[in-house]
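# Structural features, examined
These are the residues of each chain, in order.
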Amino acid sequence: MAGSNEINANEAKKVVPLHTWILISNFKLAYNMLRRPDGTFNRELAEFLDRKVAANTVPVDGVYSFDVVDRATSLLNRIYRCSPPLNESDRQPGAGILELEKPLSTTEIVPVIIFFHGGSFTHSSANSAIYDTFCRRLTGLIGGVVVSVNYRRSPEHRYPCAYEDGWEALKWVHSRSWLLSGEDPKVHVYLAGDSSGGNIAHHVAVRAAESGVEVLGNILLHPLFGGEERKESENQLDGKYFVRVQDRDWYWRAFLPEGEDRDHPACNIFGPRGIPLEGLKFPKSLVVVAGLDLVQDWQLAYVDGLRNAGQEVKLLFLKKATIGFYFLPNNEHFYTLMDEIKSFVSS
Amino acid sequence: MGPHDSSISAAAGSTSSSSSSSACSSSTKPPQPPDQMDHLLAGAGYKVRSNDLHQVAERLHRLETVMVKSNPLEISDLVNDAVHYNPADLASWVDSLLTELNTNPPVPVPTDLSDPHPNMNNMMYATNHAPHLQQVVAQPFEEDVSIQLVHVLMTCAEAVQRGDLSLAGLLIDDLQALLGRVNSGCGIGKVGSFFVDALSRRIVNSPENAAVHSDLSAYENEILYHHYYEACPYLKFAHFTANQAILEAFEGQDCVHVIDFNLMQGLQWPALIQALALRPGGPPLLRLTGIGPPSPDGRDSLREIGLKLAELARSVNVRFAFRGVAASRLDDVKPWMLQVSPKEAIAVNSIMQLHRLLGPNSSRGPPIDLVLDWIRDLNPRILMVVEQESNHNQPEFLDRFTEALYYYSTMFDSLDVCTAQPEKALAELYIQREICNVVCCEGLVRVERHEPLVRWRERLINAGFAPLHLGSNAFKQARMLLTLFSAEGYSVEENEGCLTLGWHSRPLIAASAWQAIPKPSPTMGPIIHP
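Attention here is on the structure that accompanies the text. (Residues numbered from 1 in each chain as written. Chains lettered and ligands numbered in written order. Predicted model: local features only at pLDDT ≥ 70, side-chain atom pairs only at ≥ 80, totals over all residues. Heavy atoms only, no water.)

### A look at the overall build of chain B
A tally of regular secondary structure across chain B gives 17 helices and 10 strands. Considering chain B as a whole, with its 530 residues, one finds that 56% of them fall into the buried category. Partitioning the intrachain contacts of chain B with sequence separation of at least 6 by distance along the chain shows that 76% fall at a separation of at least 24. Total accessible area on chain B stands at roughly 22900 Å², and carbon and sulfur atoms take up 55% of it. (Helix = DSSP H or I, 4+ residues; strand = E, 2+ residues; numbered from the N terminus. Buried < 20%, exposed > 50% of the residue type's maximum accessible area, 1.4 Å probe, protein only. Contact = heavy atoms within 4.5 Å. Areas by Shrake-Rupley, 256 points an atom, 1.4 Å probe, with all protein chains shown as cover.)

Written out as structure tokens, the structure reads:
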């Protein structure tokens, strides 16, 4: 245990703005209450407490959204698109849906990001307010489309459910005629995710590479990786900035198959049971690491692992950032991140 | 070409209350007035006054200190059994937890008008695990025809709005052709055909012609209603949630009086009667006043229902009295007809009725204001309101049409999972009549004037009502109710003290509870004018 609670709260308060501290502390405490020591999860209360937002075809700040349920899988995807400036003032209701008749563009390349929300495989949904807000910002930033996947969560649905849902979403996106762009034309797909979503993005990218399905890039926002070993960052930062190692352990136990440990290849990518990535046509990666995240050594090891396997990877290390820095646009890390993402999908 | 394999849902006309600002390049923002709701946290779904930010932070800190000192198992049990209210109001949620975990209660953070419903007895329930997702073999699918269908529907509706009926008529032909190419058994094919039908009726008939549009008898309507009740959970959810709230409002009361704005077949009341019978301390004297349309054929259908309910009440030893009030419109009801007594605790129950009062003004003013006013005069302990969660009352026809298209597509999708016949077919007919009313009718005839929760909240607060929050116990029980329906696409959500039931992520029905703020009583006697 790293220091008394008093010190930890004060330290965290020094490095994050007040709003962020309130938001992340609220999640921390609520999540502590929802996890039970026996490994079960209070899903009822979790759904009650989660703030959700409906999709909205009326553009707000130039972005509108709608949900699509794929009957074959019951999977829900929330689609975010930019409203052409012309339509904003001439508020044609339902106009967004009509744009589904045509491809995104026949001349320009329009990026489509498939986004996997975080929540340590257990919390949140595609229609959670924090993620709806984030995806809207992302959509406006890239001037393209974001598809937020409502994957199945643990402990009710363990590995590999989330990865399978991610894979289905990728195939679904590739087969939408209204997501085509460019002169080829094709769907210009990127995978992105924060925390567990980043982990899912990695695994879906691996499967895509193995199956010859194209992914142009991966954006991993403090992705969730781990292993049996305790890294230095885990020891140093345990309990200091909203997260404890024991919390992380709980979520891995809830996600991984029963009886497995954290060296399972889902969790420890380049560990003893990891799958080699040499020679695989793996997409380029942007890996964002928050310097105050106790998982960082695993994320840095992931970056090294990718490099050693000859894969293209860019590391964005944000020294003073804590987890969840991107939920509110009230800090410099947020803007740095946005700039990096924008150039990543434009290059 | 396969069937339409995906469904699209959204709220067409709403401006999201938690809309985000786009990433702006400058980080300077004008300072917010302190009494405002903080907009950063609003984007995360929380309502916190800018004024209160530091206090909320302090409370969170205190809560954490308490939690760290406690046994995690104790905490999760305590938190599980406690009833939580309105988590959007972060300040009061944290406070209620602090109280729950038995610390010295802090000086209360000033909240808005809402007074959280006092914690009721713990409700024990069985842990409900999310049902296993059923895997269906993926079928190849193509959306183009469906999207075309939507496109032409919108174009046709737009022509109707412009008054270009001849173009609209031609488009109807196109639509019929398109319908022939989609699978009319499900999805857009099915609901699309109802909208095409409604549009063509509107083109052919005058929208204000009541005779054309009220073609079913009350009896036939009841049959459709009953099948709608069986085929999908919306009405059951409404009744269930309302009964929960009414039960809580009646705690400790010996004489209670429920006023039901639309008795129909009284499907809601057996459960309440039974719950009251089992109440610790024994049942109260229950009066039920059922309002309904007059029976045309000399039958007193209200009284018939009343007799059946009386028999049930007798069999479980609940003293019960029933009164029927026949009225074609709610604003025809006069308070004296309800014969309330000052000793009684009153519950007013309105399941999908208030929207019918949003039509044109009568000589006495807006019907909704009239009715809300006399409800308030009754001083009920609870006014239960359940309404369709959609805006089908917008002034522009095209806006209404679009909103209805999304709404009813989603509702039809949810019905898809029901396989029981004839329940499903008749339920669809029931919904079809609603669609027709929204699309074909205008003026007094258009009674399906649904408005979303945010509008009802404004209206009710302006009319002198304060929210009573539905808590996590009602939420849990509503979720349990849903497990009786095999489809796991239904979702219950909490929305600032109200509960919604929807299909996947689209809320379709919203339930809210209110209490009347008594009108200020005059301090002087009658003023005598010389």
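### Considerations on the nonpolar core
Residues Leu191(A), Phe195(B), Tyr234(B) and Ile435(B) are the most contacted members of the largest nonpolar core, which totals 240 residues. Ranked by residue count, the leading element in this core is helix α5 (residues 144-162) of chain B, at 11 residues. Not counting residues up to four positions away in its chain, the partners in contact with Leu191(A) are Ile114(A), Phe116(A), Leu170(A), Ala201(A), Val204(A), Ala205(A), Val215(A), Gly217(A), Asn218(A) and Ile219(A). Phe261(B), Leu358(B), Leu372(B) and Ile375(B) belong to the second largest nonpolar core, which has 27 residues in total. (Core = buried A, V, L, I, M, F, W, Y, C linked by side-chain atoms within 4.5 Å.)

### Concerning the pairing of strand β4 (residues 320-326) of chain B
Residue and element names in this part refer to chain B. As paired strands, strand β3 (residues 285-292) and β4 are joined by 7 bridges and run parallel to one another. From the neighbouring strand, Gly290 faces β4, where its bridge partner is Gly324. Traced from β3 through helix α12 (residues 301-315) to β4, the parallel crossover comes out right-handed. (Pairing = 2+ DSSP bridges. Right-handed = clockwise from strand over helix to strand, strands pointing away.)

### What about the side chain of Glu47(A)?
When you line up the elements, Glu47(A) lands in helix α3 (residues 43-49). Residue classification places Glu47(A) among the buried positions, given a relative accessible area of 10%. Other than its neighbours up to four places away in sequence, Glu47(A) contacts Lys52(A), Ser125(A), Arg153(A), Phe475(B) and Arg479(B).

### Details of the environment of Val160(B)
Examined against the element boundaries, Val160(B) turns out to sit in helix α5. Once you skip the residues sitting within four places of it in the chain, Val160(B) turns out to touch Leu165(B), Ala168(B), Leu199(B), Arg202(B), Ile203(B) and Phe397(B).

### Points about the side chain of Lys28(A)
With respect to the helices, strands and loops of the structure, Lys28(A) is situated in helix α2 (residues 18-34). Sequence-distant contacts of Lys28(A), defined by excluding residues within four places in its chain, comprise Phe242(A) and Glu64(B).

### Structural notes on unusual backbone geometry
What is expected of a backbone is that most residues other than glycine have negative phi and most peptide bonds are trans. Cis geometry marks the peptide bond from Tyr159(A) to Pro160(A), where omega comes out at 5°. Going from Gln421(B) to Pro422(B), the amide bond is cis rather than trans, its omega being 5°. Mapped onto the elements of the fold, Pro422(B) is located in the loop between α14 (397-416) and α15 (423-440). At Ser195(A), a position not held by glycine, the phi torsion is positive, near 55°. Structurally, Ser195(A) is set in the loop between β5 (188-194) and α8 (196-211). When its relative accessible area of 10% is taken as the criterion, Ser195(A) is described as buried. Here the phi dihedral of His222(A) falls at roughly 25°; this positive angle occurs in a residue that is not glycine. Mapped onto the elements, His222(A) comes out in the loop between β6 (217-221) and α9 (232-237).

### Things to note about helix α6 (residues 129-142) of chain A
Residues and elements named next belong to chain A. For α6, built from 14 residues, the straight-helix expectation of 20 Å at 1.5 Å per residue is met to within 8% by its first-to-last C-alpha distance of 20 Å. α6 sits mainly inside the fold: 13 of its 14 residues count as buried. Of the residues one or two after α6, Gly143 is the one with positive phi, at around 65°. (Expected span 1.5 Å × (residues − 1).)

### Observations concerning the pattern of salt bridges
In this structure the tally under the stated criterion is 43 salt bridges over all chains. Its salt-bridge partner being Arg201(B), residue Asp197(B) comes within 3.3 Å of it at the nearest N-O pair. With Asp197(B) and Arg201(B) both in helix α7 (residues 187-204) and 4 residues apart, this pair spans about one turn of that helix. Accessibility expressed as a relative area gives 31% for Arg201(B), which makes it partly exposed. Glu451(B) is the partner of Arg459(B) in a salt bridge, and the nearest nitrogen-oxygen pair spans 3.0 Å. You can call Arg459(B) partly exposed: its relative accessible area is 22%. Salt bridges sharing partners connect three or more residues here, namely Arg43(A), Glu47(A), Asp50(A), Lys52(A), Arg153(A) and Glu156(A). (Salt bridge = Lys/Arg side-chain N within 4 Å of Asp/Glu carboxyl O.)

### Describing the pairing of strand β8 (residues 490-495) of chain B
All names here are of chain B. The element β8 is largely enclosed, with a buried count of 5 among its 6 residues. Direction of pairing for β8 relative to strand β9 (residues 498-503): antiparallel, over a ladder of 6 bridges. Looking at β9, one finds that Glu494 is bridged to Leu499. Between β8 and β9, which follow one another and run antiparallel, lie 2 residues, and Glu496 among them has a positive phi close to 45°.

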